[in-house]
Amino acid sequence: MTRDQIFEFFRRLAEANPAPETELAYGNAYQLVVAVALSAQATDVGVNKATRALFAKVETPAQMLDLGEAGLIDHIKTIGLFNAKAKNVIALSRLLVDEYGGEVPGTREDLVRLPGVGRKTANVVLNCWFGQETFAVDTHILRVGNRTGLAKGKTPEQVEAKLERRVPAPFRLGAHHWLILHGRYVCKARTPECWRCPVVDLCSYRKKVLAPPKGRKAAA
């Protein structure tokens, strides 16, 4: 994509959704860290169902430690890899209490020190809570970046670097939200719904699906 095409790409996505945000439910920075950590290899819908009752009880790392690993597992056992995730959440809560006064740090370097928190999770927290212009590349963004030609790369790090260089200023804060939502609901993995895509003419994907499969409505 050219610079002008990239600007138009995000302009259209922004016009359709002026205030994009994560679909994970949370009430504070700590709950956001936990929710994003739990969302690895799980859907936001599934995480929200599991955390609804959990977050009604737990708002701070200290409260999570009081709940304990077994108590946490009771809440998140419907989520994949719940045993490993529970261990990480308890460990990151302990670190937050012991070294950060129970507060979530606002730098990537500190965030990735937390057990179970990688670069993607850190970028989500920095963007959603601290308002930083970060690009949290998940499978949706990796696919959309490569498929459209917006930011090609074999790894999330490569795509993130391309986005960092190519996304224009007016759209940097919301960019990863628009891309995730576009990949989740339109530019789907198995069958991209190009027939209802607002940026189809800007996309370099050669195997565009310009008509819905038989039995599927043209508009969602």
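Values in this document were obtained by computation on a predicted structure and should not be read as measured data.

**Re helix α7 (residues 119-128)**
Counting buried residues along α7, 8 of its 10 residues qualify, which places the element largely inside the surrounding structure. Among all positions in α7, only Thr121, Ala122, Asn123, Val124, Val125, Leu126, Asn127 and Cys128 are buried.

**Digging into the packing of aromatic side chains**
Per the stated rule, a full pass over the model turns up 6 aromatic pairs. Taking 6.0 Å as the distance between ring centres and 20° as the angle between the ring planes, the aromatic pair formed by Phe10 and Phe171 counts as stacked. One end of the pair, Phe10, is in helix α1 (residues 3-16); the other, Phe171, is in the loop between α9 (156-166) and α10 (175-185), and 161 residues separate them in sequence. Given a relative accessible area of 0%, Phe10 falls into the buried group. Exposure remark for Phe171: the relative accessible area of 8% places this residue in the buried category. Note on Phe171 and Trp178: the rings are 6.2 Å apart at their centroids and 70° apart in plane angle, and the pair reads as edge-to-face. The exposure class assigned to Trp178 is buried, which follows from its relative accessible area of 7%. The rings of Phe7, Phe9, Phe10, Phe171 and Trp178 are connected pair by pair, giving a single aromatic cluster.

**Quick word on the layout of surface pockets**
Within this model, the largest pocket holds a volume of roughly 520 Å³. Lining the largest pocket are 30 residues, and of these Ser39, Lys120, Asp138, Thr139 and Ile180 sit closest to its centre. Within the residue set of the lining of the largest pocket, elements represented by two or more residues are α7, α8 (139-148), α9 and α10. No other element matches α10, which puts 5 residues into the lining of the largest pocket.

**A look at the side chain of Asn48**
Considering the arrangement of structural elements, one finds Asn48 in helix α3 (residues 44-57). Note on Asn48: relative accessible area 15%, which makes it buried. Polar side-chain contacts of Asn48 include one of 2.8 Å to the backbone nitrogen of Ala25.

**Topic: unusual backbone geometry**
Positive phi is not limited to glycine here, since Gln41 has a value of about 55°. Take Gln41: it is sitting in the loop between α2 (29-38) and α3. When its relative accessible area of 73% is taken as the criterion, Gln41 is described as exposed. Unlike most non-glycine residues, Leu81 shows phi in positive territory, near 60°. Turning to its location among the elements, Leu81 is positioned in the loop between α4 (61-76) and α5 (82-100). Given a relative accessible area of 52%, Leu81 falls into the exposed group.

**Some words on the state of the cysteines**
What we call a disulfide is simply a covalent bond connecting the sulfur atoms of a pair of cysteines. Tallied over the full model, the rule gives 0 disulfides. We note that Cys194 lacks a disulfide partner, and the nearest cysteine sulfur, in Cys203, lies 6.4 Å from it. The class of Cys194 is buried, set by a relative accessible area of 10%. In this model Cys197 remains outside any disulfide bridge; the closest cysteine sulfur is found in Cys194, 6.5 Å from its own.

Conventions adopted
Residues numbered from 1 in each chain as written. Predicted model: local features only at pLDDT ≥ 70, side-chain atom pairs only at ≥ 80, totals over all residues. Heavy atoms only, no water. Buried < 20%, exposed > 50% of the residue type's maximum accessible area, 1.4 Å probe, protein only. Helix = DSSP H or I, 4+ residues; strand = E, 2+ residues; numbered from the N terminus. Phe/Tyr/Trp six-rings, centres within 6.5 Å; stacked < 30°, edge-to-face > 60°. 1 Å grid on protein atoms, 1.4 Å probe; cavity = no way out; pocket = protein on both sides within 12 Å on 5 of 7 lines; lining within 4 Å. Points joined across faces, edges and corners; volume = space filled by probe spheres on them. Polar contact = N/O pair within 3.5 Å; in protein donor to acceptor, adjacent residues only side chain to side chain. Disulfide = S-S within 2.5 Å.

Everything listed is a geometric property; what it means functionally is a separate question.
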